[in-house]
Amino acid sequence: MKKLSLILTAIFFTLFALSSSGWCWGKKKIIKIGINAPITGDIPKVGENTKNTAKMWLEDIEKAGGIEIAGKKYPVELVIEDNEAQAESAVKVNTKMITEDEVITVIGPQSSKQAIPAGGVADSYATPMISPWSTNPDTTKDRPYVFRGCFLDPFQGPMLANFVKEEFGFTKAAVLYDVASDYPKGLAEYFKQAWEKNNGEGSVVSYESFTTKDADFSSQLTKIINSGAEVLFVPQYYNEVALIVKQARELGWKKPILGSDSWGSSETITLCGSDCYGAFFSTHYASAGAEGITKEFIDRYKKKYSYVPDDVCALTWDSLKLAQKAIEALVEFSGDIKKDRENVKKNLAEIANFEGVTGNMSFTPDGDPVKCAIIVKISDAGEFRFYKSVCP
Amino acid sequence: MQPRYFATFYLNYKNMKRIIGFKKILGFFSAMPALGWLFGFFSAVIIEYLIGNNIAWLLGLPKIPVLFGFLIMLKKPLLIPGALAYIIIVYLLPLTLTARFFSGKINKLAAKLYKLPPPVYTVFYLIFLYIIIDIWAGMSDYRIVTLKLTFIAIILTLSLNVINGYMGEFSCSHTGFMALGAYFASTVTLILFTNDKLFGEALLPSYLAPFLFPIALIIGGIAAALGSLLVAIPSFRTRGDYLAIISLAFMFIVKSLIENLEVLGGARGMGGQHPLANLPTVFIWTILSIWIINNFVTSIIGKATNAVRDNETAANAMTINTRRTKIVTFMFAAFWAGVAGGLFAHVLCYVNPGTFGIKKLAEIFTMVYFGGLNSIVGSIIGAVAFNLASEALRPLELFKWIIIPVIMILIMIYRPTGLVAFKEFDIKKILAPKGDK
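Cut-offs and rules
Residues numbered from 1 in each chain as written. Chains lettered and ligands numbered in written order. Predicted model: local features only at pLDDT ≥ 70, side-chain atom pairs only at ≥ 80, totals over all residues. Heavy atoms only, no water. Pairing = 2+ DSSP bridges. Helix = DSSP H or I, 4+ residues; strand = E, 2+ residues; numbered from the N terminus. Patch = residues over 30% accessible without salt bridge, like charges linked within 9 Å, V, L, I, M, F, W, Y side chains within 5 Å. Areas by Shrake-Rupley, 256 points an atom, 1.4 Å probe, with all protein chains shown as cover. Salt bridge = Lys/Arg side-chain N within 4 Å of Asp/Glu carboxyl O. Lys, Arg positive; Asp, Glu negative; His and termini not counted. Charge placed at Lys NZ, Arg CZ, Asp CG, Glu CD. Buried < 20%, exposed > 50% of the residue type's maximum accessible area, 1.4 Å probe, protein only. Disulfide = S-S within 2.5 Å. Domains from an automatic or database assignment. Contact = heavy atoms within 4.5 Å. Buried area = accessible area lost by both parts, 1.4 Å probe. Polar contact = N/O pair within 3.5 Å; in protein donor to acceptor, adjacent residues only side chain to side chain. Nonpolar A, V, L, I, M, F, W, Y, C, P; charged D, E, K, R; others polar. Core = buried A, V, L, I, M, F, W, Y, C linked by side-chain atoms within 4.5 Å. Axes fitted to C-alpha atoms, helices over the stretch in contact; angles between N-to-C directions. Expected span 1.5 Å × (residues − 1).

Caption draft 1: Local environment of the sheet that holds strand β14 (residues 359-363) of chain A. Residue and element names in this part refer to chain A. With antiparallel pairing, three strands are arranged side by side in an open sheet as β13-β14-β15. Lying at the two open borders of the sheet, with one neighbouring strand each, are β13 (354-356) and β15 (369-370). Where β13 lies against β14, three bridges are found, and the strand directions are antiparallel. Looking at β14, one finds that Glu355 is bridged to Asn360.

Caption draft 2: Inspection of a positive patch on the surface at higher detail. All names here are of chain B. A grouping of Lys105, Lys108, Lys112 and Lys115 is seen on the molecular surface, where their side chains present a positively charged patch. On the secondary structure map, Lys115 appears in helix α5 (residues 80-115). Here Lys115 falls in the exposed class, since its relative accessible area comes to 73%.

Caption draft 3: Expanded view of the state of the cysteines. Residues and elements named next belong to chain A. A complete count under the given rule lists two disulfides over all chains for this structure. At a sulfur-sulfur separation of 2.1 Å, the disulfide partner of Cys272 is Cys276. Across the S-S bond of Cys272 and Cys276 the torsion is about 90°, and the bridge reads as right-handed. For Cys272, a relative accessible area of 2% translates into the label buried. A residue is classified by how much of its surface remains accessible, and Cys276, at 0% relative accessible area, is buried. The side chain of Cys372 participates in a disulfide bridge whose partner is Cys391; the two sulfur atoms lie 2.0 Å from each other. Taking the sign of the S-S torsion, about 95° here, the bridge from Cys372 to Cys391 comes out right-handed. With Cys372 in the loop between β15 and β16 (373-378) and Cys391 in the segment after β17 (384-390), this residue pair connects regions lying 19 residues apart in the sequence. Judged by its relative accessible area of 45%, Cys391 falls in the partly exposed class. Counting only the cysteines that take part in disulfides, in the order they occur along chain A, gives the pairing 1-2, 3-4. Looking at Cys150, it has no disulfide partner, and the nearest cysteine sulfur is the one in Cys313, 14 Å off.

Caption draft 4: Broad picture of the domain arrangement of chain A. Residues and elements named next belong to chain A. Parsing chain A into structural domains produces domain 1 (31-150 + 291-371) and domain 2 (153-283). If you average the C-alpha positions of domain 1 and of domain 2, the two centres end up 31 Å apart. With 11 residues of domain 1 in contact, the opposing surface of domain 2 contributes 14 residues. Summed over both partners, the interface of domain 1 with domain 2 buries about 860 Å², with 46% contributed by carbon and sulfur atoms. Among the residues of domain 1 in contact with domain 2, Lys45, Thr135 and Asp311 are the three that bury the most area, contributing 47% of the side total. Our enumeration of links across domain 1 and domain 2 arrives at zero salt bridges. Between the two partners, domain 1 and domain 2, sit one residue pair in polar contact (both at pLDDT 80 or more). For the side of domain 1 that touches domain 2, the class distribution of residues is four nonpolar, three polar and four charged.

Caption draft 5: Focus on the interface of chain B and chain A. Facing 47 residues of chain B, the contacting portion of chain A comprises 52 residues. Summing the contributions of chain B and of chain A, the shared interface buries around 4300 Å²; its carbon and sulfur component is 57%. Three residues, Arg268(B), Arg394(B) and Glu397(B), lead the burial of chain B against chain A; their summed loss comes to 17% of the area buried on that side. Between Glu81(A) and Lys75(B) there is a salt bridge; the shortest N-O distance is 3.2 Å. Run the count over chain B and chain A and you get 15 residue pairs in polar contact (both at pLDDT 80 or more). Here the residues of the side of chain B that touches chain A sort into 24 nonpolar, eight polar and 15 charged.

Caption draft 6: Inspection of the nonpolar core at higher detail. With 133 residues, the main nonpolar core has Tyr86(B) and Leu343(B) as its most contacted residues. In contact with Leu343(B), other than residues within four places in its own chain, are Ile152(B), Ile155(B), Phe213(B), Leu217(B), Ala277(B), Val282(B) and Trp285(B). By size, the runner-up hydrophobic cluster in this structure holds 44 residues, among which are Ile33(A), Ile61(A), Ala326(A) and Ile327(A).

Caption draft 7: Local environment of the sheet that holds strand β1 (residues 31-37) of chain A. Residue and element names in this part refer to chain A. Pairing is parallel across the open sheet formed by five strands, whose spatial order is β4-β1-β5-β6-β7. Of all the strands in the sheet, the pair left with one neighbour each is β4 (76-82) and β7 (146-148). The mean inter-strand angle of the sheet, taken between neighbouring strand axes irrespective of direction, is 25°. Summarising the sheet, β1 and β4 pair through seven bridges and their orientation is parallel. Within β4, the position partnered with Ile35 by the bridge is Ile80. Taken strand by strand, helix α4 (residues 112-124) contacts β1, β6 (129-131) and β7, and its axis lies near 165° from that of β6.

Caption draft 8: View of helix α11 (residues 311-328) of chain A. Residue and element names in this part refer to chain A. Between its first and last C-alpha, α11 extends 25 Å over 18 residues, near the 26 Å set by a 1.5 Å rise per residue. Most of α11 is tucked away: 15 of the 18 residues are buried. Two to three positions downstream of the cap, the backbone nitrogen of Val312 sits 3.2 Å from a side-chain oxygen, assigning the N-cap of α11 to Asp310.

Caption draft 9: Region of interest: the domain arrangement of chain B. Residues and elements named next belong to chain B. When cut into domains, chain B gives domain 1 (31-121) and domain 2 (141-431). Buried surface at the junction of domain 1 and domain 2, both sides included, amounts to about 1200 Å², of which 74% is carbon and sulfur. Our enumeration of links across domain 1 and domain 2 arrives at one salt bridge. A salt bridge links Glu48 to Arg143, with the nearest nitrogen and oxygen atoms 3.4 Å apart. Of all elements in the fold, only α3 (34-58), α4 (70-75), α5 and α6 (118-138) reach the threshold of two or more residues within the side of domain 1 that touches domain 2. In terms of residue count, α4 provides more of the side of domain 1 that touches domain 2 than any other element does, four residues in total. Across the side of domain 1 that touches domain 2, the residue classes break down as 12 nonpolar, no polar and two charged.

And the structure:
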């Protein structure tokens, strides 16, 4: 019966020898980029989009033979980790990618709930991090190593208020938002402030709220309709948008509805259908009627994954390109990860007039981009049509 | 399975056991006292610390496998043999060798230690344990974060077990207590030590923070304990499903309250805490919680909680003040949940009300019912196993959420009360030397 133990040992060593392609002896220097994405949890679609975009980006890099630094090409590896849409998991994942995998920069997490604590981790390890989608000012505040790919709520809210004033000249607005979620709540406040500054105290005639996972909005909507408001602002995510807009139409709301960048998902139209046609919302880019590199990006993505990329995809793409640009601008790839990270951060902060699929941008000293927002009108075919571009 | 096949299968299994020498190995492992395990792990950790990198390099691994090789194996299947070899060389070999050759000597040493007063040798063991953990975690910050959150999970699981296991009430308010603790402790440390936009300038210099941190945690715990009265008092007249609903309501009340309190940052959360919960702090609080909770459940009031669970009317007839028992137990458990919340907030350096929702609650329930009701060891095993499994299976993404529930279902079918339920935790028995064989 000694045979069996011999066989087992033999199998073990054969496997060991066969695995040589996985060994890391004498391997070349690799550029590692971490992706911290919510692949499972509350917002899996966001995670899937992040992952798909990152893979498409890697394909490009591999086709080019790697990222070129000072005339030499280095292979790139993506470290994609799941943060389960939870704050503590995002912290664990960031710590792991930074200390174990030794990534040069981290892309993500997407929502502010995870990006704020994860940004703290990245900053304490002096590792550059770009959150493509987090709009909370705290993510980058006082954190020199943390950047973001999108505009902030303090810009978006007033921009929308001004747009309505210039476009329609309305003076009475209603707001319906989720009080338990930081993004809608913040945006609703900024919008209210700007609106009342434009039109005087009390011009937001109805300021109604609900709590996450509510499904019946009829009492709030009735109040809004009776208040005589001329426009309804709904800074909500796509699943709630569908419910709110449908119920509003059923109750007889015929005036314009205004949304925010969280409407930009392809799911909005799938869930909401014709009730959402004619609504306006602000976003990072418009998929219908796009031109230049934006169109190129959309066509490629659609061909590869057979659905239209939403703003998460576009912002993640731009964040990856920003990271790539900063890495390419290194004087040398020393392999000393601390030094390289420091230089990447310096390069990121210096990027000016970066041409991305979501428009041109430059970074402020806080790590926030200065870029234009786009107002989109949902067409009668359910497409997101470019309506107007608003720059800071 | 047909009996005949089963017989052959069983014989083969017996043969295999003889070939590999399982019986022999298991034999000398069973003669090893707790001190022996500590020595075994100590040598393993020392080996990893000194030459772990070299061994990893020789085996073709990029780095020391950080969580016993699970992550590497799942991410890069090609490296499985290398990772397995690493685990065998660095962990199993020293453990086996210690068990094989030093069991006798260590047993004698353990016997000598055992003659000292129990507090003395327990402290000695704890210090030894901490040294091992510190060296092991010191090799990677990822290990530190995982360990810290695991320790906090142990406190949470233990404290929920006091209500759900020992007292037999089904309380769903634990994340609410945790949120109260997290927010009160954070508020104290933010007011005292951080310049931030919520509370303005720091009142005290930040070098005092580590010394006053325990007080902040205790304030958090007391706040949670006071909050628990809202659940404890209705529990006089309601049991079972109805209490579950009341406690669930309490959890949502706390969550909505914080969401609507602009002073605390509302739904945007509260950030900027100093990272005060370092590994030794969390370790000490965990040991304290195990010690005090164990004393609580073995005390007279602990026995009273068991009596309330088994038959409230009979307990009342036996002169147990059931109301007092319920209030004290709820407040006690909530205190520890609050402390755990405070530690949690200072590990992440950010809290937000969304964290303390149903999802977190489900996690704590899983750990309690997986480990075992009415058992300290069970809670520790449940918390450690769940945290390690959830960390190790992360690379599987969606499949992780299939595997963990399946394990949970199997546990519920084969051991409905959990892995190690209804066991007394006796530190003397655990640390006793093993008899000579």
